[in-house]
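So you can see what is in the structure, the chains are spelled out below.
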Amino acid sequence: MSTTMPGFGTERIAQLGLRDRVYDRVLEVLMGHDVEPGMRLSIDGLARTLGVSPTPVREALVQLERTGLVTREANKGYRVSPPLAGDQLEALFDARLIVESGAVELAARGDVDALRERLRTALDEQAAVAAEVASVGAAHAPEELMARFFRSDWQFHQLIFDATRNPFLEEMSEIITTRVHRMRQIVEGGGDDTDRAVHEHRAVVDALAVGPTEAVAAMRHHIDAVRLRSREDASHTS
């Protein structure tokens, strides 16, 4: 009997860059609303759904376990991790504050003009998506639109990590950022902070033109603001 996993549709994965493409597809679904915390992730079921062998699926889940989005239970396989709350949420933002403050300080000591140009381009894209959200209201925005906003937000931060040219910071970025966005996307009833995020990102871009100290201060303000909004989001699930 052939079974497929919910949320993954019927789209097959091409062989080119197979492992990375399987990882990206599973991550995309985990960042949406089609999977519930605690849902079992069958390696064989995912492989059939994506039209690949179990090996790249197993490799993708091992990699995703490092991000905390999935958990492995002995003799039971993988499940979707529950959202963070309470002390875990605070610990996540403590880590994000340290890592992203360090990243923007390193980036501010490099080619700042080129970085600011890339960030402005990303910010224009994010602002355009935020305007789409505002036109329909966050409460009525389709999942695909909100997913686009979170991807644009993620891209802004990723550009700063890329500018550090530090592979260890980039690895930390993936672990931390995926947890933050997964948590915020699955919360029902959270407020619309898209416009605030754009303004805070713009402040980071402006601060980079002044110097590393100012860039760090702007990033810390942004992360602390997201922490407060995430607390409010989490309160809707308690």
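Computed from a prediction, not measured in an experiment: that's the story for all the values here.

Visitor: Hey, could you go over the overall build of the protein chain for me, with residue numbers and the actual values?
Guide: Along its length, the protein chain carries 9 helices and 3 strands. Counting across all 238 residues of the protein chain, residues that qualify as buried make up 48%. Of the contacts made within the protein chain by residues no fewer than 6 positions apart, 77% connect residues no fewer than 24 positions apart. Of the roughly 11,900 Å² that the protein chain leaves accessible, carbon and sulfur atoms contribute 52%.

Visitor: With reference to specific residues and values, describe the packing of helix α5 (residues 112-136) against helix α6 (residues 143-164).
Guide: One way to put it is that α5 packs onto α6 with a least axis distance of 9 Å and a crossing angle of 165 degrees. By the criterion of interaxial angle, the relationship of α5 to α6 is roughly antiparallel. Helix-helix and strand crossings are classified by hand; for α5 and α6 the assignment is left-handed. Touching Leu115, Arg118, Leu119, Ala122, Gln126, Val129, Ala130, Glu132, Val133 and Val136 of α5 are Leu145, Met146, Arg148, Phe149, Ser152, Asp153, Gln155, Phe156, Leu159, Ile160 and Ala163, all from α6. Class assignment for the residues of the contact of α5 with α6 results in 14 nonpolar, 3 polar and 4 charged.

Visitor: Before we move on, can you summarise the sheet that holds strand β3 (residues 77-80) with the specific residues and values?
Guide: Pairing in this open sheet of 3 strands is antiparallel, and the strands run β1-β3-β2 from one edge to the other. Two strands close off the open sheet at either side, each with one partner strand: β1 (40-41) and β2 (70-73). Here β2 pairs with β3 via 4 bridges, running antiparallel. Residue pairing across strands places Glu73 opposite Gly77, the latter belonging to β3.

Visitor: Please provide a residue-by-residue account of α5, values included.
Guide: When the terminal C-alpha atoms of α5 are compared, their 36 Å separation across 25 residues agrees well with the 36 Å that a helix rising 1.5 Å per residue should span. Within α5 the residues assigned to the buried category are Val112, Leu115, Arg116, Leu119, Ala122, Leu123, Gln126, Val129, Ala130 and Val133. For α5, the elements touching its buried residues are α4 (86-107), α6 and α8 (194-208). A positive backbone phi angle near 90 degrees is found at Gly137, which sits one or two residues after α5.

Visitor: Lay out the pattern of salt bridges with the relevant residues and their values.
Guide: The final tally for this structure, using the stated rule, is 11 salt bridges. Between Arg227 and Glu90 there is a salt bridge, with the nearest N and O atoms lying 2.7 Å from each other. Placement of the pair is Arg227 in helix α9 (residues 212-235) and Glu90 in helix α4, with a sequence separation of 137 residues. Glu90 sits in the partly exposed class, given a relative accessible area of 21%. Salt-bridge contacts for Glu200 lead to Arg229; the nearest nitrogen and oxygen are separated by 2.9 Å. Of this pair, Glu200 sits in helix α8 while Arg229 sits in helix α9; the two residues are 29 residues apart in sequence, bridging distant segments of the chain. Given the relative accessible area of 11%, Glu200 is considered buried. Several salt bridges share partner residues, and in doing so they unite Glu90, Asp94, Asp224 and Arg227 into one network.

The rules we used
Residues numbered from 1 in each chain as written. Predicted model: local features only at pLDDT ≥ 70, side-chain atom pairs only at ≥ 80, totals over all residues. Heavy atoms only, no water. Helix = DSSP H or I, 4+ residues; strand = E, 2+ residues; numbered from the N terminus. Buried < 20%, exposed > 50% of the residue type's maximum accessible area, 1.4 Å probe, protein only. Contact = heavy atoms within 4.5 Å. Areas by Shrake-Rupley, 256 points an atom, 1.4 Å probe, with all protein chains shown as cover. Axes fitted to C-alpha atoms, helices over the stretch in contact; angles between N-to-C directions. Parallel < 35°, antiparallel > 145°, perpendicular 65-115°, else oblique. Left-handed = near helix turned anticlockwise from the far one by under 90°. Nonpolar A, V, L, I, M, F, W, Y, C, P; charged D, E, K, R; others polar. Pairing = 2+ DSSP bridges. Expected span 1.5 Å × (residues − 1). Salt bridge = Lys/Arg side-chain N within 4 Å of Asp/Glu carboxyl O.

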